[in-house]
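Given next are the chains, with one letter for each unit.
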Amino acid sequence: MKALALIATAALALLSGCASIYPTPATMVHQPMTARPEARPQMVSANGAIYQPAQVRPLFEDRRARNIGDVITINLVERTTATKNANANASRTSNLTGGITASTNMPLSGLNGLNATAGVTSEFTGTGAAGANNVFNGTITVTVIEVYPNGNLLVSGEKQVAINQGNEFIRFSGVINPFTVTGTNTVQSTQVADARIEYRGSGFIDESTTMGWLQRFFGVILPF
């Protein structure tokens with residue numbers, strides 16, 4: 001019985017390990033990534049009228065997000081281009097010439113006519129360049145998770161796409177000024193403050209492009 005119990009425990013451990021081979025990657029966006037709207041008060045028709053102020057929504061009011069739990073669509077139009085060049089030149093030259101002329105009556109008469117010349121030349125040239133060009137286009141719908149006292153909206157959301165044996169994660173969070181929201185309830189990502197955008201994946205394809213832990217270990221400690 002003990003042997004069977006050990007085998008069952010080992011099997012459960014293996015199964016749990018297989019389930020966590022491709023865990024959901026950690027995120028840096030604002031938490032939580034969704035929020036439920038507040039429950040509306042129950043309709044109590046105390047005055048017997050059809051119109052109830054607690055349940056009304058103005059007929060001509062737009063449907064822009066303004067409350068916790070409302071959704072809003074973000075148009076991802078990120079494009080970052082950076083270029084940096086640096087050049088440095090330095091040179092230094094020095095010369096020294098000396099000679100000894102002594103009278104025959106002096107103790108140093110044997111060094112008469114001795115000449116010495118020394119020179120030093122130093123040059124340095126350095127050149128460096130760096131460039132980056134990143135483009136991120138797409139759409140994602142997020143949820144209002146908090147309304148600030150000044151009316152700004154803190155939004156956060158996630159989109160998951162399962163492709164064969166891997167998952168793709170698109171995450172977004174940031175602070176939106178309600179005046180930048182269009183009539184179709186959309187906003188450009190370039191108009192979002194404190195924006196945090198992630199595009200990550202999990203699965204065997206992502207694992208195959210990641211350096212192994214042992215190789216990373218030797219890459220850190222090796223001096224060459």
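Residues numbered from 1 in each chain as written. Predicted model: local features only at pLDDT ≥ 70, side-chain atom pairs only at ≥ 80, totals over all residues. Heavy atoms only, no water.

## Some remarks on the overall build of the protein
For step 1, the next point in the chain: When helices and strands are tallied, the protein shows three helices and six strands.
For step 2, the next point in the chain: A burial count over the protein gives 19% of its 224 residues as buried.
For step 3, the next point in the chain: Accessible area for the protein stands at about 16900 Å²; split by element, carbon and sulfur atoms hold 58% of it. (Helix = DSSP H or I, 4+ residues; strand = E, 2+ residues; numbered from the N terminus. Buried < 20%, exposed > 50% of the residue type's maximum accessible area, 1.4 Å probe, protein only. Areas by Shrake-Rupley, 256 points an atom, 1.4 Å probe, with all protein chains shown as cover.)

## Let's talk about the packing of aromatic side chains
For step 1, the next point in the chain: If you walk through the whole model with that rule in mind, you get one aromatic pair.
For step 2, the next point in the chain: Note on F136 and Y199: the rings are 6.1 Å apart at their centroids and 75° apart in plane angle, and the pair reads as edge-to-face. Linking F136 in strand β2 (residues 114-147) with Y199 in strand β6 (residues 193-203), this pair joins segments that are 63 residues apart in sequence.
For step 3, the next point in the chain: For F136, a relative accessible area of 21% gives the class partly exposed.
For step 4, the next point in the chain: What makes Y199 exposed here is its relative accessible area of 52%. (Phe/Tyr/Trp six-rings, centres within 6.5 Å; stacked < 30°, edge-to-face > 60°.)

## Details of the pairing of strand β4 (residues 166-176)
For step 1, the next point in the chain: Counting buried positions over the 11 residues of β4 gives nine, a clear majority of the element.
For step 2, the next point in the chain: Pairing of strand β3 (residues 153-163) with β4 involves 11 bridges; the strand directions are antiparallel. From the neighbouring strand, S156 faces β4, where its bridge partner is S173.
For step 3, the next point in the chain: Here β3 hands over to β4 after two residues, with N164 in that stretch at a positive phi of 55°. (Pairing = 2+ DSSP bridges.)

## Topic: the side chain of T186
For step 1, the next point in the chain: Its place among the elements puts T186 in strand β5 (residues 186-188).
For step 2, the next point in the chain: Owing to a relative accessible area of 17%, T186 belongs among the buried residues under this scheme.
For step 3, the next point in the chain: A polar side-chain atom of T186 sits 2.7 Å from a polar atom in the side chain of T182.
For step 4, the next point in the chain: A polar atom in the side chain of T186 sits 3.3 Å from the side chain of T184. (Polar contact = N/O pair within 3.5 Å; in protein donor to acceptor, adjacent residues only side chain to side chain.)

## Section: the pattern of salt bridges
Any two side chains of opposite charge can pair, given that their charged atoms come close.
For step 1, the next point in the chain: This model, assessed by the stated rule, comprises three salt bridges.
For step 2, the next point in the chain: Of the charged contacts, one joins E158 and R171 as a salt bridge, the two residues approaching to 2.7 Å between their closest N and O atoms. Note that E158 is positioned in strand β3 and R171 in strand β4, a separation of 13 residues in sequence.
For step 3, the next point in the chain: Looking at R171, the relative accessible area reads 2%, which means it is buried. (Salt bridge = Lys/Arg side-chain N within 4 Å of Asp/Glu carboxyl O.)

## So, the environment of A88
For step 1, the next point in the chain: Along the chain, the position of A88 falls in strand β1 (residues 71-100).
For step 2, the next point in the chain: Assessed through its relative accessible area of 34%, A88 is described here as partly exposed.
For step 3, the next point in the chain: Residues A88 and F124 lie 36 residues apart in sequence; the distance between their C-alpha atoms is 7.8 Å.
For step 4, the next point in the chain: In this view, A88 contacts F124, T125 and G126; residues no more than four positions away in its chain are not counted. (Contact = heavy atoms within 4.5 Å.)

## Looking at the side chain of N152
For step 1, the next point in the chain: Along the chain, N152 turns up in the loop between β2 and β3.
For step 2, the next point in the chain: By relative accessible area, N152 is classed as buried at 18%.
For step 3, the next point in the chain: The residues touching N152, leaving out its near neighbours within four places in the chain, are E146, V147, V175, I176, N177 and P178.

## Some points on the nonpolar core
For step 1, the next point in the chain: Core analysis: the largest hydrophobic core is formed by 15 residues, its most contacted members being I72, I74, I140, V142, V155, F172 and I176.
For step 2, the next point in the chain: Of all the secondary structure elements, the ones that give two or more residues to this core are β1, β2, β3 and β4.
For step 3, the next point in the chain: Setting aside chain neighbours within four positions, we find I140 in contact with I72, T73, I74, L76, G157, E158, K159, I170, R171 and F172. (Core = buried A, V, L, I, M, F, W, Y, C linked by side-chain atoms within 4.5 Å.)

## A short note on the confidence of the model for the protein
Note that predicted coordinates carrying low pLDDT should not be read in detail.
For step 1, the next point in the chain: Looking at the protein, the pLDDT average stands at 75 and 62% of residues meet or exceed 70.
For step 2, the next point in the chain: At the level of individual helices and strands, the protein shows its lowest average pLDDT in helix α1 (residues 2-19), which scores 54, and its highest in β5, which scores 94.
For step 3, the next point in the chain: In this model, residues 15-20 is a region of pLDDT below 50 whose contacts with residues beyond four sequence positions or in other chains number zero contacts. (pLDDT = per-residue confidence, 0-100.)

## Thoughts on unusual backbone geometry
For step 1, the next point in the chain: For the bond running from Q31 to P32, omega is -5°, close enough to zero to count as cis.
For step 2, the next point in the chain: Examined against the element boundaries, P32 turns out to sit in the loop between α1 and β1.
For step 3, the next point in the chain: Phi at D194 is positive, roughly 50°, even though this residue is not glycine.
For step 4, the next point in the chain: With respect to the secondary-structure elements, D194 resides in strand β6.
For step 5, the next point in the chain: Judged by its relative accessible area of 56%, D194 falls in the exposed class.

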